[in-house]
Amino acid sequence: MTTDYASSRETTEGRVFTVTGGDWDTVVNEAGSEERIVVNMGPQHPSTHGVLRLVLELEGETVIEARTVIGYLHTGIEKNLEFRNWTQGSTFVTRMDYLAPIFNETAYCVAVEKLLGIEDQITERAKTIRILMMELNRVSSHLVWLATTGMELGALSMMIYGFREREYVLDIFELVTGLRMNHAYVRPGGLAQDLPDEAAAKIREFLEWMPERIDMYEDLLSGNTIWRERTQGVAVLDVAGCLALGITGPVLRSAGLAWDLRKTQPYLGYETYDFAVPTEPTGDAWGRYKVRLNEMRESVKIIRQAMDRLEPGPIMIGDKKIAWPAQLAVGGDGLGNSLEHVAKIMGQSMEALIHHFKLVTEGFRVPPGQVYVPIEAPRGELGVHAVSDGGTRPFRVHYREPSFVNLQAIPAMAEGGLLADVIVGGASLDPVMGGCDR
């Protein structure tokens, strides 16, 4: 075996190859001018929102060229889906954008339901709880953005407050799903389990004080001279630039275009909710901050409406050939089906037991076809392209992930600006590398 990029040596264990970063020498040599230096920012950097690597060519403190290097968090989730049944897929996709797990699950499950042709059979209670959970998740995701961006720009108090409120939302998720993250709560056909009474009470409590907290963040930051100077007119990307690069979400809306899939291509009944689409005309980091603050306010409005609409009813479709049976409880070995539920399944009839065994081990079959389902995630358009060959497993599932697409904007925002503004620009995109690399 020979290779151009790795030296080798013989050892008692056999031949050992030493592989180095093959691109570094090339990048440095291309810099040319002695006045220019090449700097690696990341992937182990506290301000790159995960393992993002930026190779920056500098002249003084001015960025001449910026290159994004991704893939350090690649998990192969999309490929793994091809080796699990359709219901098990929810357990995988929830781990992609780990700050927006409910959105990953919902987009996937809506795609599976479209392939099955059962989207009209999803119960009203299941759709309402999906919207409720997604909007809670949107608030918690924006809180992480506000907290981490505040920390990166020196507003350390914002870091403490943002994570304090997010912790409350994660407590709600734990009450509802059994887990703080990686829930696998949304399933094809409905939900894993119903909303417990204690979670509903906790959500009502959240609705009482959260609007005041959002006002507090705005009071803390908007009048702060340092915050204004670090964000206003920094990392500008106008609406033409956003459209050319496929940028969606708060970044696009901060450039003045009110494009929100909940309004323009509604799903799950969003068209029946009363909420606004916040926009800003500035197209800079300041505009993205204002848009996300106002989005949290609108999400609180949607959560309040969803809570008022909750009516008793089933949370899974009635078709037993698709509905994964669940009546979860915390037992000695962790979360699982309650013993009473297992006894009921096993005691009904031999046919019922066989059917249950086949559904859980093999899964249901999905008719051949392909669909694309887009939803409005916290970072922009999250799209699922799902393909079925008629089997019990996905033939192919590919995500149109907003973090991956939005990262294209970093060179456009950073080149010609200062090194310090690279932090602001990258942070204002709110990238999550788990979703980008997946």
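Everything quoted here is computed from the prediction, not taken from an experiment. (Residues numbered from 1 in each chain as written. Predicted model: local features only at pLDDT ≥ 70, side-chain atom pairs only at ≥ 80, totals over all residues. Heavy atoms only, no water.)

A. Focus on the sheet that holds strand β12 (residues 396-400). Taken in spatial order, the 3 strands line up as β10-β11-β12 in an open sheet, and their pairing is antiparallel. Two strands lie at the open edges of the sheet, namely β10 (369-377) and β12, each paired on one side alone. Along the sheet, successive strands turn relative to each other by an average axial angle of 15°, direction set aside. Summarising the sheet, β10 and strand β11 (residues 380-388) pair through 9 bridges and their orientation is antiparallel. Bridge pairing links Val373 to Val384 in β11. (Pairing = 2+ DSSP bridges. Helix = DSSP H or I, 4+ residues; strand = E, 2+ residues; numbered from the N terminus. Axes fitted to C-alpha atoms, helices over the stretch in contact; angles between N-to-C directions.)

B. Inspection of helix α6 (residues 156-177) at higher detail. With 22 residues, α6 ought to run about 32 Å at 1.5 Å a step, and its terminal C-alpha atoms sit 31 Å apart, in line with that. Among the residues of α6, those classed as buried are Met158, Gly162, Glu165, Arg166, Tyr168, Val169, Leu170, Ile172, Phe173, Val176 and Thr177. Trailing α6 by a residue or two, Gly178 shows a phi angle of about 95°, which is positive. (Expected span 1.5 Å × (residues − 1). Buried < 20%, exposed > 50% of the residue type's maximum accessible area, 1.4 Å probe, protein only.)

C. Main features of the pattern of salt bridges. In the structure shown here, the tally under the stated rule is 26 salt bridges. Put simply, Arg138 and Glu135 hold a salt bridge, and the shortest N to O gap is 3.0 Å. Of this pair, Arg138 and Glu135 both sit in helix α5 (residues 124-152), 3 residues apart, roughly one helical turn. Both residues of the pair, Arg138 and Glu135, count as buried. (Salt bridge = Lys/Arg side-chain N within 4 Å of Asp/Glu carboxyl O.)

None of the figures reported here should be taken as evidence of function without further support.
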